[in-house]
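In case you want the letters, here they are:
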Amino acid sequence: MVKTKGNAKKFGMHPRNILRQPPDYTKLAIKYKDFRKECELELNGKVSVNFRNEKTLRELTKMLLKEYFDLNVDFAPGSLVPTLALRLNYILWLEDLMEPLKLQEIRGIDIGCGSSCIYSLLGAKKNGWHMLALESKPQNIEYARENVKKNQLDELIEVYAQPDKTSIFKSYFEKEQKELQYHFCLCNPPFFDSNLANPFGGNTRNPERRPAPNNARTGSQEELTCVGGEVRFVQRIIDESLENKLRVRIFTTMLGVKANVPRILDYLKERQVANVATTEFHQGHTTRWAVAWSFHSEPLSQETSCN
Amino acid sequence: MDLENNNNTQFTGKEPEKCAQKRKLSITFEDKTGETKRLKTEEPIVDATPRPPPQSPKKRLQLNGKPRHNRDDNFTYGNYKHYYGKRILDKDFHDIRLDVLATKPELFRGKQLLDIGCNSGHLSIQIARTFEAKSLVGLDIDRGLVKDAQSTISHLKRQAAPGQGFPHNTRFMHGNYVLEDDVLLEIERQQFDVILCLSVTKWIHLNFCDAGLKQAFRRMYLQLRPGGKLILEPQSFDGYKRRKKLSEKIRENYNAIKFRPEQFTEYLLSSEVGFAKMDLMGTPEHCEAGFKRPIQIFTKA
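Residues numbered from 1 in each chain as written. Chains lettered and ligands numbered in written order. Predicted model: local features only at pLDDT ≥ 70, side-chain atom pairs only at ≥ 80, totals over all residues. Heavy atoms only, no water.

As annotated in an unreviewed UniProt entry, chain B is RNA methyltransferase from Drosophila gunungcola. Database annotation for chain B, UniProt heading Sequence similarities (unreviewed entry): "Belongs to the methyltransferase superfamily." (UniProt positions renumbered as here; feature names shortened; annotations may be inferred.)

With an unreviewed UniProt entry as reference, chain A is termed U6 small nuclear RNA (adenine-(43)-N(6))-methyltransferase, source organism Drosophila gunungcola. As stated in UniProt under Sequence similarities (unreviewed entry), the record for chain A gives "Belongs to the methyltransferase superfamily. METTL16/RlmF family."

*Asks:* Go over the UniProt feature "binding site: S-adenosyl-L-methionine" (unreviewed entry) in chain A with me, naming the residues and quoting the values.
*Replies:* All names here are of chain A. Mapped onto the present numbering, the UniProt feature "binding site: S-adenosyl-L-methionine" (unreviewed entry) falls on R87, G112, E135 and N188. Summarising the element assignment, R87 is placed in helix α5 (residues 84–98). Given a relative accessible area of 6%, R87 falls into the buried group. For R87, the contacting residues outside a window of four places in its chain are L80, P82, I118, Y119, L122 and N188. Within the secondary structure, N188 sits in the loop between β6 (182–187) and β7 (192–193). (Helix = DSSP H or I, 4+ residues; strand = E, 2+ residues; numbered from the N terminus. Buried < 20%, exposed > 50% of the residue type's maximum accessible area, 1.4 Å probe, protein only. Contact = heavy atoms within 4.5 Å.)

*Asks:* Describe unusual backbone geometry, with residues and values.
*Replies:* The omega angle of the peptide bond from B:F166 to B:P167 is 0 degrees, so this bond is cis rather than trans. Residue position: B:P167 is located in the loop between α6 (143–159) and β3 (170–174). In this structure, A:Q272 takes a positive phi of about 60 degrees despite not being glycine. Secondary-structure assignment places A:Q272 in the loop between α11 (260–270) and β10 (276–283).

*Asks:* Which residues make up the interface of chain B and chain A, and what are the values?
*Replies:* Interfaces are often sized by the accessible area lost when the parts come together. At the junction of the two partners, chain B supplies 20 residues and chain A supplies 17 residues. Inspection of the region where chain B meets chain A yields three salt bridges. Close ionic contact of B:E180 with A:K27 constitutes a salt bridge, the shortest N to O distance being 3.2 Å. The tally of links from chain B across to chain A stands at five residue pairs in polar contact (both at pLDDT 80 or more). Looking at the side of chain B that touches chain A, the elements that each hand over two or more residues are β2 (135–140), β3 and α7 (201–223) of chain B. Residue classes in the side of chain B that touches chain A are distributed as 10 nonpolar, four polar and six charged. (Salt bridge = Lys/Arg side-chain N within 4 Å of Asp/Glu carboxyl O. Polar contact = N/O pair within 3.5 Å; in protein donor to acceptor, adjacent residues only side chain to side chain. Nonpolar A, V, L, I, M, F, W, Y, C, P; charged D, E, K, R; others polar.)

*Asks:* Talk me through the sheet that holds β6(A); I want residue IDs and the actual numbers.
*Replies:* Residues and elements named next belong to chain A. One open sheet holds the seven strands; their spatial order is β5-β4-β3-β6-β9-β11-β10, and the pairing between them is mixed. The open sheet is flanked by β5 (157–161) and β10, the only strands paired with a single partner. Averaged over all neighbouring strand pairs, the angle between strand axes comes to 20 degrees, with direction disregarded. In the sheet, β10 pairs with strand β11 (residues 286–293) via eight bridges, with the strands oriented antiparallel. (Pairing = 2+ DSSP bridges. Axes fitted to C-alpha atoms, helices over the stretch in contact; angles between N-to-C directions.)

*Asks:* So what's going on with the nonpolar core? Residues and values would help.
*Replies:* Counting 68 residues, the largest nonpolar core has A:F35, A:L84, A:C117, A:L122 and A:I157 as its most contacted members. Examining the composition of this core, we find that 10 residues originate from one element, α5(A), more than from any other. What A:F35 contacts, discounting residues up to four positions off in sequence, is A:Y25, A:L28, A:A29, A:V49, A:E59, A:L60 and A:M63. Core analysis: the next-biggest nonpolar cluster, separate from the first, contains 36 residues, B:M220, B:I257, B:V273 and B:F298 among them. (Core = buried A, V, L, I, M, F, W, Y, C linked by side-chain atoms within 4.5 Å.)

The structure is reproduced here in structure tokens:
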């Protein structure tokens, strides 16, 4: 159930997030047949959505993208199904970061765009951003390219096939001669550490007070885990950012675990990166964190938080 | 100016002459908070009529004639407030239809029931209790009546020993049985053994027309398990006429009716719905002629 009105102000989605008010699933089920099939009809005629079912989540996100953005998106079987509320919160935060720069044309990098290429699609469709979508998994690359084509966003989005998971910008910047400047990069790193015996174990000290998430987990091992988990992955982004300081105006990444935020902030501090900002994304019962850093002189606005 | 003692009335800070116009607009909950804020900076009201005796500020600013939230004096849904009489939990409560239903107790024993248009729940509760149903859900379009039913059953639950059976297996829900759109029937699921639809068809018919009633019939079929039964007590058409004047909409709907009660059985047995057979259960004997409605059983194969 949605939190109380009081809580919503403090822990709600970004003020411009269209999903801030829950959508009328009954009306949407009437409109969209594929979505309807995944819904449950209550006795009182209202339609309810079971977020713990993977197929339901898939159809839900597809439907919301179509309804609110006129985007037709397909996900590779077994691949991560993004939740729209969180993706929107991230995009809206980026909009807030870009706003003071007063740019005519904005170029961004989507690190690990997945099969949906959702961030790039949203950025391009909603804001006309030019997106470079980096992806290493062949099946995802294929679907991402198809999604871009289907939505006629080829002019705005380039999907680049990363040779492997070790490089972030390296591979593309080496081959790309133009020395284009990018204004931001974004990333949903693989949260979990493949080195651990139980990567999805979680760290909660109190399982009774901290129930399992409401959503079904989706995504392949490759998408969800990597060596050293999100900390190691983000550290690599930071390392590469140090080698390409002025190439990207504002580097950003999401983090899935609250405890990792200070670890990343320390990592930045050790490398004398002073221009840093953080934010939180709230959607339903889930909170995510994001860190931004820049080597340009204008300090990053601390006001941009998703509350 | 009459002032109603009505806690649900919305109030504005506007002058009395403007009140009449404001009354016609519907005020939502969000407006109410806005109105409250506006009150603090409003100029004092200049009364054309003599000031009423001093009361609390809230009462002084009430409008008369503003409909109470969800109050329907016309009972346009047949949602009569004292349908079962004024006595709640009366041990002597005995709806005459129970006699007919009692001729076939095996229909209900150990079964999952749905009662459409349960009103304040009196009859539903009697059925669940007397015939030892496995469970019973009552649905009604009137929020107030459902609340009454819920408080009755809560009371019984508190009094009874904990367990699986009655009254713990009985619950009531607010809602409209007729769906927003026919396509939603595609995702309806089998979930009941018996559906009771007693003296409700007239109200569905007058409020939601032929299309709404037909959809309701189809929904009943889809919600029943194989072998399930619909127990139907439809009102005859001559009873519809005197309800014409309930509202403008009802009169329009009445005039548009082409699907007559005499055609219900044929429709329910047709491929559009799909019931396999109809049996006559009986007609209540010792009651007013107006309530002598035959009760039918439709069986799903």
